[in-house]
Every structure is written in C-alpha cells, then in structure tokens.
Amino acid sequence: CFRYDPRSESIQFTYRGRRIFMSVIRDLLAMGMDGATEIVLAGSSAGGLGALNNAKWLQSELQSVGSAELVVIFDSAWFINFQGSIYQIFDGTLSRTESEAQRQNVLTLLSVLESNEACADDRLGLPCCSSPFCLFTQTNAAGERYYPEVPTFGILSLYDAYLLAPSLAALETISNSGVGYEIDFLLTVGEYGGEMNKTVVLTDSKTTFFSYYATQCLQHVYLATSTLWGLPGASVFGRATAE
C-alpha cells in the first residue's frame, strides 16, 4: 500500500486508501462483522469523500456475505468547484480559475491513485468523485449510478471555511491597496453560500436516500472536533423509537 525509494532524495510516498479500506473491511468481515445487522460508514472532510466513494463497493461486499444494512454519514465533505477551487485544493495551487493543464493533472492523479471511474468523469466541471451532488445524481457509461441508494446523512456548512479558503486567498493576493477588500470578501462569501445552497437543494430534490443538516457557520468539520464528545452518552448512537 506504500511505496518509498530510499535512493531518491525526493519524497516518494504513495497512499492507496481504497486498497487499505477494502483490505480492512474484508478482515473485519472474516472476524465476525458478517453477522452485523447495521453498519455505519462515516468520515469527515476528505474522509467523508472516502466514505461516499467506497459506499457502493461496501454495499456489494456486505450483500455477498450477509444482510447488514449500510448507513453513510459524511461531515464537511460537500465540495463544489467554486471559482476553480476544487482543482486548487487537489493541486495545491492558488489561482483565480483553473487552467486546462491543472485540470488534467488533477483528473489523472485521482483516477490513477484510486482507480475510481467517477474521478475521470468531469462532465459537471469537476471530478465526480469529489462531489456528493455528482456522485448522488450521475451514472457511468453503463448507466449505473456511482452511488448506491443507501440511507445517507450529511453535515455541512454553507460557508465552509476550508473550501472557501482558496477563493479568499486568491482575492487577497489580487487586492493591491486593500481598499474595498471587505466588500469583495463579503460578496465572495455570499456568492459561495448561494452556490452551496443551490447544489444541496437540487440534490435533495433528485434523491430519496439523502438527508442533511446545514449550518451557516464559517466552520470545517463538526463531528471530530465537537466538544459534545466529553458529555455523558454523547458517544452512544442509537435508533430513535416512537413511544
């Protein structure tokens, strides 16, 4: 799963997250998880995208060994390509809009590293594997949905601080005098929130398995950083029952 060449002075570190995930799941199934009735797959930020992109494989694997119901929870993984930010985040650069070379570099990197056909699909203007909206609503060449119809709950912010950062950083670098920067800042944040709201509402109208909780905070990641974890019973999840 890892590759490192000690003879090279450059950093050579390859992380095969999908292969590791598949290997761990198969080990867990062999150790008794095949008898489970419910399995929750959850992740935050990039881990949320990982959960979404592995849900279809996991559902198929579970169905082949038992009858467990799969539920997916993702936190702060609602990526959109606002002002080319999705390519900037994956490519590690800050620019106002993405270049064709940058776009091709990111698509190649994602599709090769994860062997995921959704990563090579950019018909909506971004790698489909990086977008819950695209994963939930689009199909591959064979007409199969990228994402299974399993109960899925998302926690997100309409003003995600991490996803907004590339656009705000680019805005600051092109501001020479600083005069009027505050107005541009607010306009950019407002425009981003509008784009986020549009994709979430549209996704909700096109799916029956997706539900969500959206805040208007400048926040990125809720579950892993919540102060509620220290409270009694906060780490216990259960199914609600009607009295």
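Everything here concerns the structure above.
Residues numbered from 1 in each chain as written. Predicted model: local features only at pLDDT ≥ 70, side-chain atom pairs only at ≥ 80, totals over all residues. Heavy atoms only, no water.

A.B. asks: What is the right way to read the sheet that holds strand β3 (residues 152-157) from this model?
C.D. replies: Through backbone hydrogen bonds, the strands of a sheet pair up, either in parallel or in antiparallel fashion. Strand order in the open sheet formed by four strands is β1-β2-β3-β4, with parallel pairing between adjacent strands. Taken across any chain shown, the strands that pair with only one partner, and hence form the sheet edges, are β1 (38-44) and β4 (210-215). Looking at each pair of strands side by side, their axes are set apart by 10 degrees on average, direction ignored. Where β1 lies against strand β2 (residues 69-75), seven bridges are found, and the strand directions are parallel. Its bridge partner being in β2, Leu41 is matched across the sheet by Val72. Together, β1, β2 and β3 form the strand contacts of helix α2 (residues 46-65), whose direction differs from that of β1 by roughly 155 degrees. (Pairing = 2+ DSSP bridges. Helix = DSSP H or I, 4+ residues; strand = E, 2+ residues; numbered from the N terminus. Axes fitted to C-alpha atoms, helices over the stretch in contact; angles between N-to-C directions. Contact = heavy atoms within 4.5 Å.)

A.B. asks: So what exactly am I meant to see when it comes to helix α1 (residues 17-30) here?
C.D. replies: In an α-helix, one turn spans 3.6 residues, which is why side chains three or four residues apart end up on the same side. When the terminal C-alpha atoms of α1 are compared, their 20 Å separation across 14 residues agrees well with the 20 Å that a helix rising 1.5 Å per residue should span. Gly17, Phe21, Met22, Ile25 and Leu29 are the residues of α1 that are buried. Seen end-on, α1 carries its buried residues on one side only, within an arc spanning 130 degrees. Residues of α1 that are exposed and point more than 90 degrees away from the buried face comprise Arg19 and Ala30. Trailing α1 by a residue or two, Gly32 shows a phi angle of about 125 degrees, which is positive. (Expected span 1.5 Å × (residues − 1). Buried < 20%, exposed > 50% of the residue type's maximum accessible area, 1.4 Å probe, protein only. Arc of directions from axis to C-beta.)

A.B. asks: Help me out: how do you make sense of the packing of α1 against α2 in this one?
C.D. replies: Think of two packed helices as two axes; the pair is described by the angle between the axes and how far apart they sit. Look at α1 against α2: their axes get within 11 Å of each other, and the N-to-C directions meet at 25 degrees. In terms of orientation, α1 lies roughly parallel with respect to α2. Considering only the axes of α1 and α2, their crossing is right-handed. Side by side, α1 and α2 meet where Arg18, Phe21, Met22, Ile25, Arg26 and Leu29 of the first sit next to Asn53, Asn54, Trp57, Leu58, Glu61, Leu62 and Val65 of the second. (Parallel < 35°, antiparallel > 145°, perpendicular 65-115°, else oblique. Left-handed = near helix turned anticlockwise from the far one by under 90°.)

A.B. asks: Is there a simple way to explain the state of the cysteines in this structure?
C.D. replies: Under the definition given, this model contains two disulfides. In this model, Cys119 is linked to Cys129 through a disulfide, with the two sulfur atoms separated by 2.1 Å. When the S-S torsion is 110 degrees, as for the bridge of Cys119 with Cys129, the disulfide is right-handed. With Cys119 in the loop between α4 (100-114) and α5 (132-137) and Cys129 in the loop between α4 and α5, this pair connects stretches of sequence that are ten residues apart. Judged by relative accessible area, Cys129 falls into the buried class, the value being 6%. There is a disulfide in this structure between Cys128 and Cys134, and the S-S distance comes to 2.0 Å. Around the S-S axis, the bridge from Cys128 to Cys134 shows a dihedral of about -110 degrees and counts as left-handed. Accessibility expressed as a relative area gives 1% for Cys134, which makes it buried. Ordering the disulfide-forming cysteines of the protein by sequence position, one finds them joined as 1-3, 2-4. (Disulfide = S-S within 2.5 Å.)

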